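Here is what each chain is made of, one letter per residue.
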Amino acid sequence: MIVLALVACAPTAGPQSGDAPAPLLTLDTHLDTPAHFDRAGWSIMDRHTFANDLSHVDVPRMIEGGLSGGFFVIYTPQSDDQAAMLAHARRRLAAIHRVVAANPQAMEIART
């Protein structure tokens, strides 16, 4: 399970036996992936490529790259319209919660 913090993912394996070190917890502190969450047909559970859709992160690439989790970014374009900026941020946050709720086998919100 990947825990993304706002959303975080669980490490891929438990403690190792013998002299092998335990898996390293690896977090990305700036995942722009929520920008894709409202794109028709786009799923974080599917493999994507930057060349095809400008995405950098999806669950298959996180697992392959050993990424334990990360922090979803809510990018909000600057504007003099504070209400519009807040509405945009709230829509993006709702999308994050929707995607996490739809994929409980792979991710969860880290609250502590």
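For the structure itself, look to the data block above.
In short, a report on the structure. None of these values were measured; they are calculated from a predicted model. (Residues numbered from 1 in each chain as written. Predicted model: local features only at pLDDT ≥ 70, side-chain atom pairs only at ≥ 80, totals over all residues. Heavy atoms only, no water.)

Description of the environment of Val73
- With respect to the secondary-structure elements, Val73 resides in the loop between β4 (69-72) and α3 (82-102).
- Expressed as a C-alpha distance, the spacing of Val73 and Thr29, which sit 44 residues apart in the sequence, is 8.4 Å.
- Once residues lying within four places of it in the same chain are set aside, the contact partners of Val73 are His30, Leu31, Asp32 and Pro34. (Helix = DSSP H or I, 4+ residues; strand = E, 2+ residues; numbered from the N terminus. Contact = heavy atoms within 4.5 Å.)

Some thoughts on the pattern of salt bridges
- Inspection of every chain in the model, using the stated rule, returns 3 salt bridges.
- The closest approach of N and O atoms between Arg61 and Asp58, which form a salt bridge, is 2.7 Å.
- Under the relative-accessibility criterion, Arg61 is labelled partly exposed at 22%.
- Under the relative-accessibility criterion, Asp58 is labelled buried at 0%. (Salt bridge = Lys/Arg side-chain N within 4 Å of Asp/Glu carboxyl O. Buried < 20%, exposed > 50% of the residue type's maximum accessible area, 1.4 Å probe, protein only.)

Describing the layout of surface pockets
- In this structure, the largest pocket occupies an estimated 170 Å³ of space.
- Contributing to the lining of the largest pocket are 15 residues, with Leu31, Asp32, Thr33, His36 and His56 lying nearest its centre.
- Per-element accounting of the lining of the largest pocket gives the leading share, 3 residues, to strand β3 (residues 27-31).
- A class-by-class count of the residues in the lining of the largest pocket yields 7 nonpolar, 5 polar and 3 charged. (1 Å grid on protein atoms, 1.4 Å probe; cavity = no way out; pocket = protein on both sides within 12 Å on 5 of 7 lines; lining within 4 Å. Points joined across faces, edges and corners; volume = space filled by probe spheres on them. Nonpolar A, V, L, I, M, F, W, Y, C, P; charged D, E, K, R; others polar.)

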